[in-house]
Amino acid sequence: MKSKARRALIRLSFVLVAGAFAALAEAQEPRLFQDELDLQASLNVVQGSGARALGMGGAFLARADDATAASWNPAGLSYLRLPEVSLVWLNAKLGTRVRDATNHVVTQDDRNGHAPDFVAFAFPYDLGRASGSAQVSYQRVISFTNERTINDVDRTRTVNSSGGFDVVALGTGLKLSRTLRAGFTVNHWFNGYKQVVVREQRDIPTRQNANVELSGWNFHAGLMWSPWESLNLGAVVKTGFRANASLARSRVDRFPDGSTTTNAFFRDDLRLDLPGAVGVGASWRPKSNLTASLDFTRTNWSAGRIFNFFTLEKTDLGQAQPVPSRPLDFFPRLPYPTLNDLRQKDTKQVRVGVEYVILRSRLKWPVRAGYFTDEQFFRAEGGKAPTFDGLTFGAGVIVSRLLLDVAYVYETGNYASLRDDPSEPTFGNSVKSHRFYASLIYRHPR
């Protein structure tokens, strides 16, 4: 009898421990998704900036020949023979709809944002028989500045974010021979984002703040080869790197009786692995006013990781405050940016574009169009990464030394959510993204 009782006690202990771990997992997983800063339908990090390039579908690796060149292929800086100043502005909208098996919308997610996207100054020089240009630039590679509203069946969340992952780059491009150009940039990543999440859920509204700061370095190297005057071939490598980061969180939970609890924590030992990327392209100019380009890029998002990440649990009424010195929801290593999928995917893009310049007296009117496929970093139903499609249109005007360009980028995708259990219900997702770019370039006489 004693041995039976002992075995029963052991079995009960295992059940209780397993139940505790399951409860902890259930408590942790939802809190991971309080960070509503996913990067789906975001342009690939191998891409640069500028309304001219994006009006051509982003097919610019072999045609980069203006003041935005360093953000695409630094070898293109060698084309600049006048000092240039470049400014780029971005306005973006993204909408996601999640539908159940009856096609009823269960989640509506909308965000709007705008921010400066690129600022640069370039100055040409001669180095012996080689000629080229040096440039210092600022680029917001990943923007988090937006206002976001997420409406679920049982709750509404508003997310206000500001900031982004920014880069200050110092680069140069040289024309080494009649057919070969090379370029290189040193890039300092900095800044981060601030996020405020207000969640109206059941009977306990919650407000959470997060502040992420980032710092790191990487390098870009590019080549352009022109076997014929009308044809450019380009290649670029952008190195992956590990950035130092810090994370400060705080939260306030309001209970039905009007009382509140608070929680807060800070760590400065986070590490963030951001991916490297490679790209190749070709650009053909059969006539002086007609250009057609094609690019292929691959970004190593499978290596994206964040270390020492944490979220904050709710502090119950009567629980001792201040909060414990270390949050229970601590994650030594997570995939980034999915935060939950260790089989996060590398991404590939194919981009094509054309530009035609209409000549009228002293004015030049470029018109542009493009198409791209944008494979995502997360998995969908069947374990495959969804691929979104994009269309782009652009136009500009060149008056003397001023170049004004605008571009519109439309991207859309549909996929079914990944299910770990086939018995779980299927949810369909549709994503639509709209981006508007405006660029101004001024070329100053030497």
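Remember, it's a predicted structure, so these values are computed and weren't measured experimentally.

**Quick look at the overall build of the chain**
From N to C terminus, the chain includes two helices and 19 strands. Residues counted as buried form 49% of the 446 residues belonging to the chain. Within the structure as shown, the chain displays about 21,300 Å² of accessible surface, and the carbon and sulfur contribution to it stands at 61%.

**Some words on the pattern of salt bridges**
Counted by the stated rule, this structure contains 20 salt bridges. With its nearest N and O atoms 2.5 Å apart, the salt bridge here joins Asp65 to Arg52. Placement of the pair is Asp65 in the loop between helix H2 (51–55) and strand E1 (84–99) and Arg52 in helix H2, with a sequence separation of 13 residues. A salt bridge links Asp152 to Arg157, with the nearest nitrogen and oxygen atoms 2.7 Å apart.

**Observations concerning the environment of Asp126**
Note on placement: Asp126 falls in strand E2 (residues 105–127). Asp126 sits in the exposed class, given a relative accessible area of 52%. The spacing of Asp126 and Leu174 is 48 residues in sequence and 8.9 Å in space, taken between C-alpha atoms. The residues contacting Asp126, other than those within four sequence positions of it, are Arg81 and Ser131. At 3.0 Å, the side chain of Asp126 forms a polar contact with the side chain of Arg81.

**Observations regarding unusual backbone geometry**
Here the residue pair Tyr336 and Pro337 is connected by a cis peptide bond, since its omega of 15° sits within 30 degrees of zero. Looking at where Pro337 falls in the secondary structure, it is placed in the loop between strand E14 (330–335) and strand E15 (347–360). One non-glycine residue, Asn103, lies in positive phi territory at about 70°. As for its placement among the helices and strands, Asn103 is situated in the loop between E1 and E2. Residue Asn308 is not a glycine yet carries a positive backbone phi of 65°. Note that Asn308 resides in strand E13 (residues 305–310).

**Observations concerning the pairing of strand E4 (residues 146–151)**
A one-sided burial pattern is seen for E4, the buried positions being Asn146, Arg148 and Ile150 and the unburied ones Glu147, Thr149 and Asn151. With five bridges joining them, E2 and E4 adopt antiparallel strand pairing. Among the inter-strand pairings, Gln108 is bridged to a residue of E4, identified as Asn151. One ladder, built from six bridges, connects E4 with strand E5 (residues 155–175); its direction is antiparallel.

**Focus on the side chain of Arg199**
Relative to the helices and strands, Arg199 is located in strand E6 (residues 180–201). Despite its burial, Arg199 pairs with no opposite charge; the closest candidate is Asp253, at 5.3 Å N-O.

**Brief notes about the confidence of the model for the chain**
Of the residues in the chain, 87% have a pLDDT of 70 or more, and the chain-wide mean is 86. Here helix H1 (residues 2–32) stands out as the least confident element of the chain, with mean pLDDT 38; strand E8 (residues 231–238) is the most confident, with 97. Note that pLDDT drops below 50 for residues 1–30; the model gives that stretch five contacts with residues more than four away or on any other chain.

**Some details on the nonpolar core**
One finds Phe165, Ile306, Phe309 and Tyr336 to be the most contacted residues of the largest nonpolar core, which totals 35 residues. Contributions of two or more residues to this core are made by E5, E6, strand E7 (206–228), strand E9 (241–254), strand E10 (260–274), E13 and E14. Excluding residues that lie within four positions of it along the chain, Tyr336 makes contacts with Phe144, Phe165, Leu272, Leu274, Trp301, Gly304, Arg305, Ile306 and Gln344. Membership of the second largest hydrophobic core comes to 24 residues, among which are Leu54, Ala69, Val88 and Ala120.

**Examining a nonpolar patch on the surface**
Together, Val85, Leu87, Val119, Phe121, Phe123, Val136, Val168, Leu170, Leu402, Leu404, Leu440 and Tyr442 line one region of the surface with nonpolar side chains, adding up to about 980 Å² of accessible area. Of all the secondary structure elements, the ones that give two or more residues to the nonpolar patch are E1, E2, E5, strand E18 (402–416) and strand E19 (428–443). It is E2 that contributes the most residues to the nonpolar patch, three residues altogether. Take Val85: it is sitting in strand E1. By relative accessible area, which is 33% here, Val85 ends up partly exposed.

**Some remarks on the layout of surface pockets**
When its volume is computed, the second largest pocket comes out at roughly 630 Å³. Residue lining of the second largest pocket: 26 residues in total, with Arg52, Lys364, Ile398, Leu403 and Arg443 positioned closest to the centre. Breaking the lining of the second largest pocket down by element, the ones donating at least two residues are strand E12 (290–299), E15, strand E16 (363–375), E18 and E19. Looking at the lining of the second largest pocket residue by residue, the classes come out as ten nonpolar, four polar and twelve charged.

**Description of the packing of aromatic side chains**
Given two aromatic rings, one states the distance between the centres and the angle between the planes to describe the pair. One pass over the structure, following the stated rule, counts twelve aromatic pairs. Centre to centre, the rings of Phe184 and Phe219 are 5.9 Å apart; their planes meet at 20°, and the pair counts as stacked. Within this pair, whereas Phe184 is found in strand E6, its partner Phe219 is found in strand E7, the two being separated by 35 residues in sequence. The class for Phe184 is partly exposed, based on a relative accessible area of 40%. Judged by its relative accessible area of 37%, Phe219 is partly exposed. Note on Trp301 and Phe377: the rings are 5.9 Å apart at their centroids and 45° apart in plane angle, and the pair reads as tilted. A residue pair is termed long-range when its members are at least 10 positions apart, and Trp301 in the loop between E12 and E13 and Phe377 in the loop between E16 and strand E17 (387–399) qualify at 76 residues.

Rules of the game
- Residues numbered from 1 in each chain as written.
- Predicted model: local features only at pLDDT ≥ 70, side-chain atom pairs only at ≥ 80, totals over all residues.
- Heavy atoms only, no water.
- Helix = DSSP H or I, 4+ residues; strand = E, 2+ residues; numbered from the N terminus.
- Buried < 20%, exposed > 50% of the residue type's maximum accessible area, 1.4 Å probe, protein only.
- Areas by Shrake-Rupley, 256 points an atom, 1.4 Å probe, with all protein chains shown as cover.
- Salt bridge = Lys/Arg side-chain N within 4 Å of Asp/Glu carboxyl O.
- Contact = heavy atoms within 4.5 Å.
- Polar contact = N/O pair within 3.5 Å; in protein donor to acceptor, adjacent residues only side chain to side chain.
- Pairing = 2+ DSSP bridges.
- Lys, Arg positive; Asp, Glu negative; His and termini not counted.
- pLDDT = per-residue confidence, 0-100.
- Core = buried A, V, L, I, M, F, W, Y, C linked by side-chain atoms within 4.5 Å.
- Patch = residues over 30% accessible without salt bridge, like charges linked within 9 Å, V, L, I, M, F, W, Y side chains within 5 Å.
- 1 Å grid on protein atoms, 1.4 Å probe; cavity = no way out; pocket = protein on both sides within 12 Å on 5 of 7 lines; lining within 4 Å.
- Points joined across faces, edges and corners; volume = space filled by probe spheres on them.
- Nonpolar A, V, L, I, M, F, W, Y, C, P; charged D, E, K, R; others polar.
- Phe/Tyr/Trp six-rings, centres within 6.5 Å; stacked < 30°, edge-to-face > 60°.

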